[in-house]
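Report on the structure
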Amino acid sequence: MPIDPSGPLNPRHYLILLLLAEEATFGVRLMERIEERSDGSVRFNAGSLYRTIAQLVEAGWIELRGEEAVSEGAGAPRKIYGVTAAGLAALRAEAARQADLLTSVRALGIDG
Amino acid sequence: MSGRTKRGRSTPPAAEPTRRAPSWLRALLPLFPRGHRRLYGEEIWEVAAHRWTRQGAGWRATLAMAWDLGSGAAVLRANQLRDEGMGMGRGWGMDLRFVLRSLWKSRGYVFTAVVVLACAVAANTTIYSYIQGTLLAEPSYPEPESVALVWGRNLEDGQRRDVISGPNTLDLRESLTTARVATFHYDGTYIELDGRPEVFTALDVSADVLDVLGIAPAQGRGFGETERRSGGAPSILVSHGFWRDHLEADPDVVGSALRLEGVPHTILGVMGEGADFLAPAPIVRVLHDDLLEAQDRGNIHYNVVARLRPGASWDQLNAELGRVAREIEAEYSGFEGWDFHAEPIQRITTEAVRSVLWFLGGAVTLVLLVAALNLATLFRVRTAVRREELAIRAALGAGRRGLLRVLLLEPVLLALVGGGIGLAVAPMLLAELAEIVPPWIPIPDSAAAVPVLYAELAPGVAITGLAVAVGASLLLSLPAVLQTVRAGRDTSRTELMSGGSGRVARGVGGVRWLIGAELAVTVVLCMSAGLFVRSLDEMLQTDLGLVPEGLLTVRFGDVWDQPFADQARYFEQVVQSVEAVPGVEEAGVIDYVDFRAEDDFARVYFLDRELQPVNSVREEWRRVDAGLFRTARMPIVQGRDFAPEDLEGPARTAIVNRSFAERHYPGGDAVGQLISTHDSGYVDMRIVGIVEDVWSLGPTTPPPAVLYVPQQGSPRGTVGLYARTSLPPMELAAAVREAIWAVDPTQPVMDIAPMTSLVDRWYAIPWAARSLVVTLAGIAWGLSVIGVFGVASYTVRSRRSELGIRAALGASRARLEGDQLRAIFPVVVIGIGVGIAGALAMGTAVRSLLYGVSPTDPWVLLASIAVTAAAAILAAWLPARRAGRVDPKEILG
């Protein structure tokens, strides 16, 4: 399903964009970092990870940055993904939306 | 213990798993939509393989990976279908929904078909994976087809596969031109870990064994010229598993030292993963040529492996071995009657199980056949039942292609679900199988054994299983499908107008004969099961000559370098220490624990006869103490047991077993005779008693003749101990170990096991075969019941109108029921008749696998016929009862 750029970001898209904004990387590493960052609460399997990557590529939010060679006989080169300017804008918009939310919550005096 | 232990062998540890994701799962990648696969296929594979490794790389990880790939592809495909509007009323999407709805309405049929498929796929995948892992497994060394084991053979006493003395192995190496040979021997060793000696299997090899086998260590180097002769620093190789588990996978381990039996040994190299020879051995030690040369030619001890040189044949090698044997015989005394022969290693290692496994392969294929016949029946009946429903669909505008899609989707879906469940269950069945089959396979006519190295779900077999399920379902449904589609819309219209009844029965006429074939195969499998059950019963009735229940066995000690008197004293101190353990009633010592497939021969001289030494023979012998026979409950049948005074001073008394007495003293006058052995510690001994035979090579091999002598004459530095208890033996294991260490904490204690577990090994193959054949026969029987019930039910259902009319015209209930049974009766009779012929033929084919039962045993045959016929009649009778209860008012109203 294509991404709706006008709505709030899906948390999984948000997490991937955030991690790729920190560091452009390849699939296996990205999966590990997702689990590290979410303390294991968010897990992707191979199918769902690349379904999400495909959606983000299609939306123009991430792009292929290049390939990294692996040792001989260990398989195909690894594709490195990074965030595009549009992706950063989406991330920024989501951060602003969340900041607004936070402000509203704080106004009620119920923040931690 | 290293030099003199004869075939002491610890149970080998399990094989190390491979750490590469199973490449057959790549077959799931094409399930992803093409564009997505092209862009991301390799990356998806890499991520999935990474998760597989992190999840433990076992079968659960494999299932998770299959699910990962399969579900990922399914979600994308579903999205694609939705995006392309396939759910809007046309094409596969709608067909799929139609089929799923239709199947939901026929849950009984779906359940039956899925169970049939799952049973067949699970059983076949399990058995053939096991065959793949044992009979067809590739060894870790290259060109295994040119590798052989060379045995000694004593023409005098009929021993077919025996070990070879050190000097003779060197003569073979130097004399043979047709093959390269190397010497090896499995032994136990101990390494001090956490302050206690821990026992490991060690493979002792001549320096050239790795070259001959073509294996190289993964790190460091193998043994070379430096290690060929003694005098250098002691060195070893370690297995990958030992390096990983006990050396923390240290990459710089080569060159460091390990204390083996108290002596530092330099680690020269680490073997590669899975690079085992016959059995996994954590430690590989070197046998120095000069020490082999210095041994007594009569002290047979070693195995020899040979690799044919290019261009040489087995016949040439065996001719050359014969020539070398005659040369040794001419040059040295004591080698009279001996010969050498080589056998291809792959033939030997699976000899004990080959016939059983191929028989099981055949049996499980018969189960597949029954399942296929059953599916054919189900599909025929199902298609006939659905004519009305399909006619409605045709009337609503479905074309031939649409009908074809619907009709073919159904068997494919069922096959995928049933086959998938079968594949999911198969690894669990394999794990169960690993519990009931022996961890090692004895090499017949020898004291050697090889472990089952691999018994995991074989990818090729799994794919074939699923492919067969889908292929068979499609193929078996095809006749009915084509008939329906060819008939086309005209027929459909007629069908609709006739209300869908009447014509349907025609569709299942031939199905009854499929049932007949199922029953025939069921009789064959029930007969096999009966024969295996009887055969095992016969084996279990064999009196083994001792009472294994309540007997704990253990091997201990490494006191070879102490004076004989001190060794004997140490062993008796251990016996006293063990007897003081609460729960231990008595204990005794024997140099080789029974049922461990170990043997040791003495040359025996009969001093009451003339013409020595021509009149000497080779017989098994055992060194024991005065408590052994009492502890093992081995009855003395004549004369007396050893008394404590026999165990003091020079050994001057002996006890022989019943076979020994009958063979050498057929006049019954063994007690009182004088005998000597080749060993100077055992000369001029008077036979004081005859003890019952112990069937130490299992119930199917006649017990060997054995001479028992008091241990103090020339003890072995490592011995076995039996402890009798009324408690579960393993409850005393820790206390017995501590009691042995209480005498000397530096001595190794190994192989603690209840005697029952050692005995059970000899029943393991027939036990496993019986369990499997009974299971397979049970599956076939169940499938036949389903088949008969299905057809009988359908016949009654399709004739309801006719039955109603007959009931209205006054036909009695019994008459209507009887007619139904009579209709199925010829099929049952002919099916079972064919089955009897097949069962008799099968019985003859498995004659060699049976023990104490005739392959044409009439009682087993009768029972098989009765079980099958009763099932068939019951399965036909239940629907027939419904025939008698049809209410005419309901039908005619």
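Scroll up for the structure.
Note that the structure is a prediction, hence the values are computed from the model and not measured.

1. A few points about the overall build of chain B
- Scanning chain B from N- to C-terminus turns up 25 helices and 25 strands.
- Buried positions account for 55% of the 893 residues belonging to chain B.
- Residue pairs at least 24 apart in sequence account for 81% of intrachain contacts in chain B once pairs closer than 6 positions are excluded.
- Element-wise, carbon and sulfur atoms account for 58% of the exposed surface of chain B, whose accessible area totals about 37600 Å².

2. Points about the environment of B:Gly272
Residue and element names in this part refer to chain B.
- For Gly272, the location among the structural elements is in the loop between strand 9 (263-270) and strand 10 (283-287).
- Counting along the chain gives 57 residues from Gly272 to Ile215, while the straight-line C-alpha distance between them is 8.8 Å.
- When neighbours within four sequence positions are excluded, Gly272 is seen to be in contact with Ala218 and His240.

3. Description of the pattern of salt bridges
- The final tally for this structure, using the stated rule, is 41 salt bridges over all chains.
- Ionic pairing is found between B:Glu227 and B:Arg221, a salt bridge with its closest N-O pair at 2.9 Å.
- Overall, B:Glu227 belongs to the buried group, its relative accessible area being 7%.
- Of the charged contacts, one joins B:Arg285 and B:Glu261 as a salt bridge, the two residues approaching to 3.1 Å between their closest N and O atoms. One end of the pair, B:Arg285, is in strand 10; the other, B:Glu261, is in the loop between strand 8 (257-260) and strand 9, with 24 residues separating them in the sequence. Exposure class is identical for B:Arg285 and B:Glu261. Each is buried.
- Counted as one network, the salt bridges with shared partners bring together A:Glu35, A:Arg43, B:Arg51, B:Arg54 and B:Asp68.

4. Thoughts on the interface of chain B and chain A
- At the junction of the two partners, chain B supplies 20 residues and chain A supplies 20 residues.
- Interface area, chain B with chain A, both sides summed: about 1700 Å², of which 57% is carbon and sulfur.
- Linking chain B to chain A there are 4 salt bridges.
- Residues B:Glu46 and A:Arg78 are paired through a salt bridge, measuring 2.9 Å at the closest nitrogen-oxygen approach.
- In this assembly, chain B and chain A are joined by 9 residue pairs in polar contact (both at pLDDT 80 or more).

5. Digging into the packing of aromatic side chains
All names here are of chain B.
- For the coordinates displayed, the defined rule picks out 11 aromatic pairs over all chains.
- On the basis of an interplanar angle of 25° and a centroid distance of 5.3 Å, the ring pair of Phe359 and Phe532 is categorised as stacked. Note that Phe359 is positioned in helix 12 (residues 351-385) and Phe532 in helix 16 (residues 511-540), a separation of 173 residues in sequence. Phe532 shares its class with Phe359; the two are buried.
- Note on Phe556 and Tyr570: the rings are 5.9 Å apart at their centroids and 65° apart in plane angle, and the pair reads as edge-to-face. With Phe556 in strand 15 (residues 551-556) and Tyr570 in helix 17 (residues 564-579), this pair connects stretches of sequence that are 14 residues apart. Accessibility classification places Phe556 together with Tyr570 in one group, the buried group.
- A network of ring pairs unites the aromatic residues Phe556, Tyr570 and Phe571 as a single cluster.
- For Arg107, the ring lying beneath its charged end belongs to Trp104, and the centroid distance is 4.5 Å.
- Here Arg623 stacks its cationic end above the ring of Trp621, 4.4 Å away from the centre of that ring.

6. Focus: the packing of helix 4 (residues 107-134) of chain B against helix 12 of chain B
Residue and element names in this part refer to chain B.
- Taken N-terminus to C-terminus, the directions of helix 4 and helix 12 make an angle of 160°; their axes are 9 Å apart at the nearest point. If you check the angle between helix 4 and helix 12, you find them roughly antiparallel. In the crossing of helix 4 with helix 12, the sense of the turn from one axis to the other is left-handed.
- Each residue belonging to the contact of helix 4 with helix 12 can be placed in one class, and the counts come to 19 nonpolar, 7 polar and 1 charged.

7. Examining the side chain of B:Asp857
All names here are of chain B.
- Summarising the element assignment, Asp857 is placed in the loop between helix 23 (813-845) and helix 24 (858-884).
- Of the residues examined, Asp857 reaches a relative accessible area of 8% and is grouped as buried.
- Here the side chain of Asp857 touches Arg534 through a polar contact of 3.2 Å, side chain to side chain.

8. Concerning the pairing of strand 21 (residues 674-677) of chain B
- Note that strand 17 (residues 601-606) of chain B and strand 21 of chain B share 3 bridges and pair antiparallel. Each residue of the ladder has a partner; that of B:Tyr605, found in strand 21 of chain B, is B:Ser676.

9. With respect to the nonpolar core
- Judged by nonpolar contacts, the single largest core of 77 residues is most densely connected at B:Leu360 and B:Leu414.
- The element best represented in this core is helix 12 of chain B, accounting for 13 residues.
- Both domain 2 (99-135 + 352-508) and domain 4 (510-544 + 756-893) of chain B contribute no fewer than three residues apiece to this core.
- Among the nonpolar cores identified, the runner-up in size contains 42 residues, and A:Trp61, A:Val83, B:Ile44 and B:Trp52 belong to it.

10. Some details on the side chain of B:Asp68
- Here B:Asp68 is to be found in helix 2 (residues 59-83).
- Sequence-distant contacts of B:Asp68, that is, excluding residues within four places in its chain, are made with A:Asn45, A:Ala46, A:Gly47, B:Ala48 and B:Arg51.

11. Considering the environment of A:Arg37
Residues and elements named next belong to chain A.
- By the secondary structure assignment, Arg37 is in helix 2 (residues 27-37).
- In sequence terms Arg37 and Leu19 are 18 residues apart; their C-alpha atoms lie 8.7 Å from each other.
- Aside from chain neighbours lying at most four places away, what touches Arg37 is Leu15, Leu18, Leu19 and Glu22.

12. Brief notes about a nonpolar patch on the surface
Residue and element names in this part refer to chain B.
- Together, Trp513, Phe825, Val829, Ile830 and Val834 make up an exposed nonpolar region whose accessible area comes to about 510 Å².
- Sort the elements by how many residues they give to the nonpolar patch and helix 23 lands first, with 4 residues.
- By secondary structure assignment, the location of Val829 is in helix 23.

13. Considerations on helix 17 of chain B
Residue and element names in this part refer to chain B.
- For helix 17, which comprises 16 residues, the first-to-last C-alpha distance of 23 Å matches the rise-based estimate of 22 Å (1.5 Å per residue) to within 8%.
- Turning to helix 17, its buried residues are Gln567, Ala568, Tyr570, Phe571, Val574, Val575, Ser577 and Val578.
- Those residues of helix 17 hidden inside the fold are in contact with strand 15, strand 16 (584-590), strand 24 (719-725) and helix 20 (733-743).

14. Concerning helix 5 (residues 166-175) of chain B
- Buried residues dominate helix 5 of chain B, accounting for 8 of its 10 residues.
- Every buried residue of helix 5 of chain B is listed here: B:Gly166, B:Pro167, B:Asn168, B:Thr169, B:Leu170, B:Asp171, B:Leu172 and B:Arg173.

15. A few points about the pairing of strand 24 of chain B
All names here are of chain B.
- In terms of burial, strand 24 is largely enclosed, as 7 of its 7 residues are buried.
- Of the two faces of strand 24, both are covered, the one formed by Val719, Leu721, Ala723 and Thr725 as well as the one formed by Gly720, Tyr722 and Arg724.
- In this sheet, strand 24 lies alongside strand 15 in antiparallel orientation, the contact comprising 6 bridges. What sits directly across from Leu552, in strand 24, is Ala723.
- Direction of pairing for strand 16 relative to strand 24: antiparallel, over a ladder of 6 bridges. Its bridge partner lying in strand 24, Gly588 is registered against Tyr722.

16. Re the packing of helix 22 (residues 800-808) of chain B against helix 23 of chain B
All names here are of chain B.
- Direction vectors running N to C along helix 22 and helix 23 enclose 145°, while the axes themselves pass 10 Å from each other. Handedness of the crossing formed by helix 22 with helix 23: right-handed. In contact with Leu803, Arg806 and Ala807 of helix 22, helix 23 contributes Arg815, Leu816, Asp819 and Gln820.
- Counted by class, the contact of helix 22 with helix 23 contains 3 nonpolar, 1 polar and 3 charged residues.

Reading the values: the criteria
All residue numbers refer to position in the chain's written sequence, counted from 1. The naming scheme follows written order: chains are lettered A onward, ligands numbered 1 onward. With the structure being a predicted model, the display of local features is reserved for residues of pLDDT at least 70 and the display and counting of side-chain atom pairs for 80 or more, all residues being used for whole-chain, interface and lining totals. Heavy atoms from the whole structure form the basis of all side-chain values; hydrogens and water molecules are not counted. Only DSSP runs of H or I reaching four residues or more are called helices, and only runs of E reaching two or more are called strands; each is numbered from the N terminus. Exposure categories follow from relative accessible area, calculated using a 1.4 Å probe and restricted to protein chains: below 20% of the type maximum is buried, above 50% is exposed, and the middle band is partly exposed. Residues count as neighbours in contact if any of their non-hydrogen atoms are within 4.5 Å of one another. Note on areas: Shrake-Rupley with a 1.4 Å probe; residue coverage comes only from the protein chains shown. Any Lys or Arg side-chain nitrogen located within 4 Å of an Asp or Glu carboxyl oxygen qualifies as a salt bridge. Two parts placed together each lose some accessible area; with a 1.4 Å probe, that loss summed over both constitutes the buried area. In protein, a polar contact requires one atom able to donate a hydrogen and another able to accept it; more generally it is a pair of N or O atoms within 3.5 Å, and residues adjacent in sequence count only if both atoms are side-chain atoms. Aromatic contacts are taken between Phe, Tyr and Trp rings whose centres are within 6.5 Å, Trp giving its six-membered ring; a plane angle under 30 degrees counts as stacked, one over 60 as edge-to-face, and the others as tilted. Here, over-ring charges are defined by two tests on the NZ atom of lysine or the CZ atom of arginine: distance to the ring centre within 6 Å, and angle to the ring normal within 35 degrees. Axis definition: a line fitted to C-alpha atoms, over the contacting stretch in the case of helices. Angles run 0 to 180 degrees between N-to-C directions. Note that the term roughly parallel is reserved for angles under 35 degrees, roughly antiparallel for angles over 145, roughly perpendicular for angles of 65 to 115, and oblique for everything else. A clockwise turn of the near helix away from the far one marks a right-handed crossing, whereas an anticlockwise turn of less than a right angle marks a left-handed crossing. Three categories are distinguished: nonpolar for Ala, Val, Leu, Ile, Met, Phe, Trp, Tyr, Cys and Pro, charged for Asp, Glu, Lys and Arg, and polar for the others, with Gly belonging to the last. In short, DSSP must find at least two bridges between two strands for them to pair. We define a nonpolar core as any set of buried Ala, Val, Leu, Ile, Met, Phe, Trp, Tyr and Cys residues linked to one another through side-chain atoms lying within 4.5 Å. Residue ranges labeled as domains rest on an automatic or database domain assignment. Without a salt bridge and with relative accessible area above 30%, a residue can belong to a patch; like charges are then joined within 9 Å and nonpolar side chains (Val, Leu, Ile, Met, Phe, Trp, Tyr) within 5 Å. The span one expects for a helix is its residue count, reduced by one, times 1.5 Å.

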